[in-house]
Number of protein chains: 4
Amino acid sequence: MRNITVEFVDSVPVAKQDVELVERKGIGHPDSICDGLAEAVSRALSNEYVKRYGHIMHHNTDQVELVGGRSSPLFGSGSVIKPIYILLSGRATTEVDDEFIPVGDIAIKAARDYLRQNFPHIDVSSGVTVDQKIGLGSTDLRDVFGRTGMPKSNDTSFGVSYAPFSLTEELVYKTEKYINGVMKKKIRGSGEDVKVMGVRYKNKITLTVANAMVSRHIKNIKEYEVVMAEEKKLILDSIAGITDEKVVVDINTADDYRAGSVFLTVTGTSGEMGDDGSVGRGNRANGARDIANEGAEQVYVRLMSQIGKPIDQPLCADIQVVGDRKIEKKAKEIADKWLADIQKMTQLCLTGKAECF
Amino acid sequence: MRNITVEFVDSVPVAKQDVELVERKGIGHPDSICDGLAEAVSRALSNEYVKRYGHIMHHNTDQVELVGGRSSPLFGSGSVIKPIYILLSGRATTEVDDEFIPVGDIAIKAARDYLRQNFPHIDVSSGVTVDQKIGLGSTDLRDVFGRTGMPKSNDTSFGVSYAPFSLTEELVYKTEKYINGVMKKKIRGSGEDVKVMGVRYKNKITLTVANAMVSRHIKNIKEYEVVMAEEKKLILDSIAGITDEKVVVDINTADDYRAGSVFLTVTGTSGEMGDDGSVGRGNRANGARDIANEGAEQVYVRLMSQIGKPIDQPLCADIQVVGDRKIEKKAKEIADKWLADIQKMTQLCLTGKAECF
Amino acid sequence: MRNITVEFVDSVPVAKQDVELVERKGIGHPDSICDGLAEAVSRALSNEYVKRYGHIMHHNTDQVELVGGRSSPLFGSGSVIKPIYILLSGRATTEVDDEFIPVGDIAIKAARDYLRQNFPHIDVSSGVTVDQKIGLGSTDLRDVFGRTGMPKSNDTSFGVSYAPFSLTEELVYKTEKYINGVMKKKIRGSGEDVKVMGVRYKNKITLTVANAMVSRHIKNIKEYEVVMAEEKKLILDSIAGITDEKVVVDINTADDYRAGSVFLTVTGTSGEMGDDGSVGRGNRANGARDIANEGAEQVYVRLMSQIGKPIDQPLCADIQVVGDRKIEKKAKEIADKWLADIQKMTQLCLTGKAECF
Amino acid sequence: MRNITVEFVDSVPVAKQDVELVERKGIGHPDSICDGLAEAVSRALSNEYVKRYGHIMHHNTDQVELVGGRSSPLFGSGSVIKPIYILLSGRATTEVDDEFIPVGDIAIKAARDYLRQNFPHIDVSSGVTVDQKIGLGSTDLRDVFGRTGMPKSNDTSFGVSYAPFSLTEELVYKTEKYINGVMKKKIRGSGEDVKVMGVRYKNKITLTVANAMVSRHIKNIKEYEVVMAEEKKLILDSIAGITDEKVVVDINTADDYRAGSVFLTVTGTSGEMGDDGSVGRGNRANGARDIANEGAEQVYVRLMSQIGKPIDQPLCADIQVVGDRKIEKKAKEIADKWLADIQKMTQLCLTGKAECF
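So, here's what we can say about the structure. (Residues numbered from 1 in each chain as written. Chains lettered and ligands numbered in written order. Predicted model: local features only at pLDDT ≥ 70, side-chain atom pairs only at ≥ 80, totals over all residues. Heavy atoms only, no water.)

**Considerations on the overall build of chain A**
At step 1: When its secondary structure is counted, chain A shows 9 helices and 18 strands.
At step 2: Considering only C-alpha atoms, chain A reaches an extent of 65 × 55 × 25 Å along its principal axes.
At step 3: Looking at chain A as a whole, 55% of its 357 residues qualify as buried.
At step 4: Carbon together with sulfur atoms contributes 50% to the accessible area of chain A, which is approximately 15,200 Å² in total. (Helix = DSSP H or I, 4+ residues; strand = E, 2+ residues; numbered from the N terminus. Buried < 20%, exposed > 50% of the residue type's maximum accessible area, 1.4 Å probe, protein only. Areas by Shrake-Rupley, 256 points an atom, 1.4 Å probe, with all protein chains shown as cover.)

**Focus: the interface of chain A and chain C**
At step 1: Across the contact, 25 residues belong to chain A and 25 residues belong to chain C.
At step 2: Between chain A and chain C the total buried area reaches about 2,100 Å² when both faces are included, carbon and sulfur atoms providing 52% of it.
At step 3: Linking chain A with chain C are 0 salt bridges.
At step 4: Linking chain A to chain C there are 6 residue pairs in polar contact (both at pLDDT 80 or more).
At step 5: Only strand S4 (70-74), strand S5 (77-82), helix H2 (103-118) and strand S9 (128-132) of chain A provide two or more residues apiece to the side of chain A that touches chain C.
At step 6: The dominant element in the side of chain A that touches chain C, judged by the number of residues it contributes, is H2(A), at 6 residues.
At step 7: In terms of residue class, the side of chain A that touches chain C is built from 10 nonpolar, 8 polar and 7 charged. (Contact = heavy atoms within 4.5 Å. Buried area = accessible area lost by both parts, 1.4 Å probe. Salt bridge = Lys/Arg side-chain N within 4 Å of Asp/Glu carboxyl O. Polar contact = N/O pair within 3.5 Å; in protein donor to acceptor, adjacent residues only side chain to side chain. Nonpolar A, V, L, I, M, F, W, Y, C, P; charged D, E, K, R; others polar.)

**Remarks on the relation of the copies chain A and chain C**
At step 1: Of the two same-sequence chains, chain A is brought onto chain C (RMSD 0.1 Å, axial shift 0.0 Å) by a rotation of 180°. The two molecules are tied by a two-fold rotation axis, judged by turn and shift.
At step 2: Comparing contact sets, 100% of the residues at the interface of chain A also lie at the interface in chain C, consistent with an isologous, same-surface contact. (Least-squares fit on C-alpha atoms with pLDDT ≥ 70 in both.)

**Remarks on the relation of the copies chain B and chain A**
At step 1: Once chain B is rotated about the relating axis by 180° and shifted along it by 0.0 Å, it coincides with chain A to within an RMSD of 0.1 Å.
At step 2: By residue overlap, the copies meet face to face through one surface: 100% of the interface positions of chain B are interface positions in chain A.

**Things to note about the sheet that holds strand S11 (residues 157-163) of chain A**
Residues and elements named next belong to chain A.
At step 1: The 4 strands are arranged S1-S18-S17-S11 in an open sheet whose pairing can be described as mixed. The outermost strands of the open sheet, each flanked by one partner alone, are strand S1 (4-8) and S11. The mean inter-strand angle of the sheet, taken between neighbouring strand axes irrespective of direction, is 15°.
At step 2: One ladder, built from 7 bridges, connects S11 with strand S17 (residues 298-305); its direction is antiparallel. Along S17, the bridge assignment pairs valine 160 with arginine 302.
At step 3: Most of the contacts of helix H8 (residues 328-340) go to S1, to which it runs at about 145°, and overall it touches S1 and strand S18 (316-322). (Pairing = 2+ DSSP bridges. Axes fitted to C-alpha atoms, helices over the stretch in contact; angles between N-to-C directions.)

**Concerning the interface of chain B and chain A**
At step 1: Counting residues at the interface gives 58 residues for chain B, matched by 58 residues for chain A.
At step 2: Of the roughly 4,700 Å² buried between chain B and chain A, counting both surfaces, carbon and sulfur atoms make up 55%.
At step 3: The interface formed by chain B and chain A holds 2 salt bridges in total.
At step 4: At the junction of chain B and chain A, the tally comes to 16 residue pairs in polar contact (both at pLDDT 80 or more).
At step 5: Tallying contributions element by element places strand S2 (residues 19-25) of chain B first for the side of chain B that touches chain A, with 6 residues.
At step 6: Looking at side-chain class alone, the side of chain B that touches chain A contains 20 nonpolar, 18 polar and 20 charged residues.

**Description of the environment of B:Ile179**
All names here are of chain B.
At step 1: Summarising the element assignment, isoleucine 179 is placed in helix H4 (residues 167-179).
At step 2: Taking relative accessible area as the criterion, isoleucine 179 reaches 0% and is therefore assigned buried.
At step 3: C-alpha separation for the pair isoleucine 179 and serine 238, spaced 59 residues apart in sequence, amounts to 9.7 Å.
At step 4: Leave out the neighbours within four places in its chain, and isoleucine 179 touches Lys184, Ser190, Val194, Val209, Asn211, Glu231 and Ile235.

**Here's the deal with the packing of helix H1 (residues 30-53) of chain D against helix H2 (residues 103-118) of chain D**
Residue and element names in this part refer to chain D.
At step 1: Between H1 and H2, the shortest axis-to-axis distance is 8 Å and the interhelical angle comes to 130°. What the angle tells us is that H1 and H2 run oblique. With respect to the hand of their crossing, H1 and H2 are arranged in right-handed fashion. Only Val103, Ile106, Ala107, Ala110, Ala111, Tyr114 and Leu115 of H2 make contact with H1, whose side of the interface consists of Ile33, Gly36, Leu37, Ala40, Val41, Ala44, Leu45, Glu48 and Tyr49.
At step 2: A class-by-class count of the residues in the contact of H1 with H2 yields 14 nonpolar, 1 polar and 1 charged. (Parallel < 35°, antiparallel > 145°, perpendicular 65-115°, else oblique. Left-handed = near helix turned anticlockwise from the far one by under 90°.)

**Examining the side chain of B:Gln17**
At step 1: Considering the arrangement of structural elements, one finds B:Gln17 in the loop between strand S1 (4-8) and S2.
At step 2: Relative accessible area serves as the criterion here: at 9%, B:Gln17 is assigned to the buried category.
At step 3: A distance of 2.5 Å separates the side chain of B:Gln17 from the side chain of A:Gln320, its partner in a polar contact.
At step 4: In contact with B:Gln17, not counting residues within four places along its chain, are A:Glu7, A:Val9, A:Gln320, B:Val12 and B:Arg200.

**Brief notes about the packing of helix H4 (residues 167-179) of chain A against helix H6 (residues 221-240) of chain A**
For any two helices packed against each other, one specifies the inter-axial angle together with the distance between the axes.
Residues and elements named next belong to chain A.
At step 1: Between H4 and H6, whose axes approach to 10 Å, the crossing angle comes to 130°. Here H6 runs oblique to H4, going by the angle between their axes. Viewed along their axes, H4 and H6 form a crossing whose handedness is right-handed. When H4 is examined against H6, the residues Leu171, Thr175, Tyr178 and Ile179 are found in contact with a partner set consisting of Glu231, Leu234, Ile235, Ser238 and Ile239.
At step 2: Each residue belonging to the contact of H4 with H6 can be placed in one class, and the counts come to 6 nonpolar, 2 polar and 1 charged.

**Considerations on unusual backbone geometry**
At step 1: With omega at -10°, the peptide bond leading from A:Ala163 into A:Pro164 counts as cis.
At step 2: Along the chain, the position of A:Pro164 falls in the loop between S11 and H4.
At step 3: Phi is positive for A:Asn252, close to 45°, though the residue is something other than glycine.
At step 4: Here A:Asn252 shows up in the loop between strand S14 (247-251) and strand S15 (264-265).
At step 5: For D:Lys202, which is not a glycine, the phi torsion comes out positive at approximately 55°.
At step 6: Positionally, D:Lys202 belongs in the loop between strand S12 (190-201) and strand S13 (204-214).
At step 7: Owing to a relative accessible area of 46%, D:Lys202 belongs among the partly exposed residues under this scheme.

Below, the structure is given as structure tokens:
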């Protein structure tokens, strides 16, 4: 029996509160680059472990630091003067019964491949240094993974999940996805570094977008202005189907056309010119959605794992619901099934089918 | 007029919900070491800027990465085999009107001094490499700070603050403070790396403590067991005055006495043996306390700054209150005064009088 | 008039002395890798400067440090566990009249390309980290290059050249060239890391060869033994046409077949398993050959440049000859012509036509 | 019986040739800093090994790379803007029978102590980053040292020694020693970075001195000029007792007083402003002196060690003498005794009694 509790609270859901603040960083934001690299490295190592030993060995490579470089973006051209420096750290199992696993190699290759596949404007062969300082894990932790059966938790930690998306969240999410998705075909100069902040005051929503533009695709400041206007129009069109509420969209608010100071980059990410990044500690899984779909206004799921315990047996799995008490049994069943199926989720992660952002 | 909104929500305060999860890391946790270093570096740079130019110049040194070393802790002795590697990055103003500010020097000195002052078991002259890759900031940001009057925000970002502490929060906070404070006189072997997790289920509270022990002060595994028992008793005594509720305290739950595998370190921090750290993105300021003291059950304050705007004029300052509407005016006044006095807070930070942890 | 002196000394030429010691490292020796990288980086930067400004700007990138990795070579397979770390340092002109030259990018790209082209067994996308810390040069030096006319020397330094090759030198040189050249078609398992030491005692010459073998191409220790015997025979055959003197060839003398300890590598270079490298300060140019061809038994040419002086006007160009005084005038003319043509040599270096090893 | 050969060659000794070129770098030259650090690290490790195990374990820490920083020297003040970065690499025995030796710690501590003791103008707590990437040696090499009796050579390499000093060599040597020695009491602004080049043409000797000056001790360019003149006078006085030949002394020849461009530093070494350094491969031991004292005009001693052979049994010890054949027996005896006593020399190195520069 899993330790699952369901609590019904008589609270005002976020969507009905007066003020709501939402932020989302796209794949090219320096922090997201680190998140993506950490995922890619872990996935590559996990696959290697599975290939060799049938199951994943202990590793913890969620430490990635991106030190911004220096660039000289010029309308129509531009170059990176000082490459971006990326440090992969953490620990991993590098030796199993006298066999060595080339952890450093796998990590660097995974990182470089990830950059190559996701950032068309970064010249990975010259504009980035990928360094690594991945160490051996401490013995007791590695033992945790060494046993058969359900894997054991390798840390005592929290996880939070919630649903459903409020309107503001949906707008922020879809806007970022749009900019880094289909909009690229229309605006070639749009870089991967995108940050969307949504502020709702009562029913007035403002989306503040920061979007790094790629210098070689924009001829001059006039074209930049034109592109900004076009991007604004495209975004407004793209969200028109989602809501009838008035939404204000502001893009690159720090731009100063007169001073010629705009958000122009060579590579499409501000990491090229001094903005550093590191792995976030955000909440990503949205398992709560199934529960919300049963009819709750709002669902928070909190998990607390305890080091050494099976990962499907959290110390605490708490479901907090704003909604009707009649879904209690259903909520428990859903959570129980999710935990029972936790190794399937691992499998989805390994094959890259689970969405990380 | 500042844009301050007060909203009264009819929600169940955290302290009255069934389940509550709280975590606090002490000064020697690898993440906290990074937090502390980031603060120390920023403070040192700020003081240098003030000394030279009368006000703080743009810098953003909140990127610190700690790569764990390797150690061989032995009861009664032990040594660090591979030093901890610390990378300071970010950007700073290194040149003002042809005068150079020795940013790298100041940062490294501040970091080494901080380590020396706070970690008696780390031999800073040999056990740590402090490296730096602090770059120049991008021009438009530096301009933000270049003007007179109220400083301008250098990023678009959120800040959250809340009050009052729930009982669980208070217990977690005070337990960590106790372990890293007066308890040290009684248990010399207690290291600075402390993590306290509190879980409350209805009125049953469990505190799970991870506390790195210092090998040279503990003779053998038997003494370790004795020390653990003593520490548990001391913690229970220390919280006896806070609550009458039954509190369970568990320390170093991953220890396995039979296997001889316990949380033993040379330096008092797990950073010595592979645990990495990076700067957190936590919420630290507790300005909401004054509002809670007016009689609210719970207060959340959310600030959103916008790049280029004066820091005392946030885009949004939202106060969410669970409590009586009669404190609305008072709440606004308090928030307004806090924003008006924001430069005094800066002053407290510079002189190290504001508590960062 | 150039300051050229010719001195005839009545000394015993090296080839006639009793004992002669000669060493040559092939392209894959860790020191040679650094030499080659330094050349490649300088060539790439020079070509970029020429393309942009018509002439080479100041740079000094002859600092390359290779920190050995860790590998696990196994007969028939093997892997690199910890990548090789390469640090490019030195200085270069990164800014010219407000235009930035992407020095870091060019350097890293040149280095990675060089590795890819020359080391078929190194997986450059995963087995190597190329980092760079190339700084701005000091102003006064950069001025040296900023002027028109003959470039100025950027350091006060010595250069030495000599000719002709003695028999021992010729054997050492040709043996290394053979191993890293045509022999590869016959012995696929021969790696690029080759060191040949020649010792002549009177007319008895011993060549001691260290040649890293590539694990994936050698099935087991027996095949290794067979390969060693074959390589020895091939080398003896290859030098048979050069001399009738008896030459002893020893390969991988530290091998211990019984202990299974042999010179086996994954990548063909000992850099993969802990052998570090740095740029040598050897003597490479052999301009003295033309003088020797005039009939001298032995010629040493020493150049001393002085910072700030035109490079075709050395402070001292001294030709020391063992041989007949009648070639004095010819020797001076040859040296004078070499200096006059010094910019042509630069051109050959830029286009990669001058042999660096 | 050791393999010692003595050869008498009828050659013109260097001191009697027309042209002689000599160079010597003082302790503060970037290359010499690396040499000194390599020695200090090796000495510290050796002492630790001897303390623990009674004899020196394998290590090879002669790889040190210094990456120059950036500085802003101003007359009367100045600061280091970007710290010097020093990378210690190589390999060492880090584990002996399950006991760990804290190699990284020892190395970093030795390096920092060395800098602190020798460079009064470098603020070691802020102006230098000492990093390390010292790896485990390959197994076969470490075995070499694992046995009892005479230590075995860990590489196949050459060593050269010669005597006596020619007049030019003596002048260069003593001038550098004087500048970095007693002259400091008279010229406080003289830094440790000193390079002396001596050129002799027939009997005319020119000493070209490059001496970094320390900015805080020199008020302005006029005082700099005065100091330069004084230093020249002091050097000429100091060598007056050595020779009656006319010696020309030039100091800091790249200085340009009108342009205000002079050799001014904050720390006394050009490493602060971009000059990199690495370990030299010079010839240091002067064991040949005892043989020269027997009456030879010139003595060259060449040693070739072979990996795995006892260090007192070189593959080849060749003594080349310009002088009377009657000293042959004596020369052999001296060389034989030196080799027999080789472990005493090790002892002198460990206790720091052997002069490294």
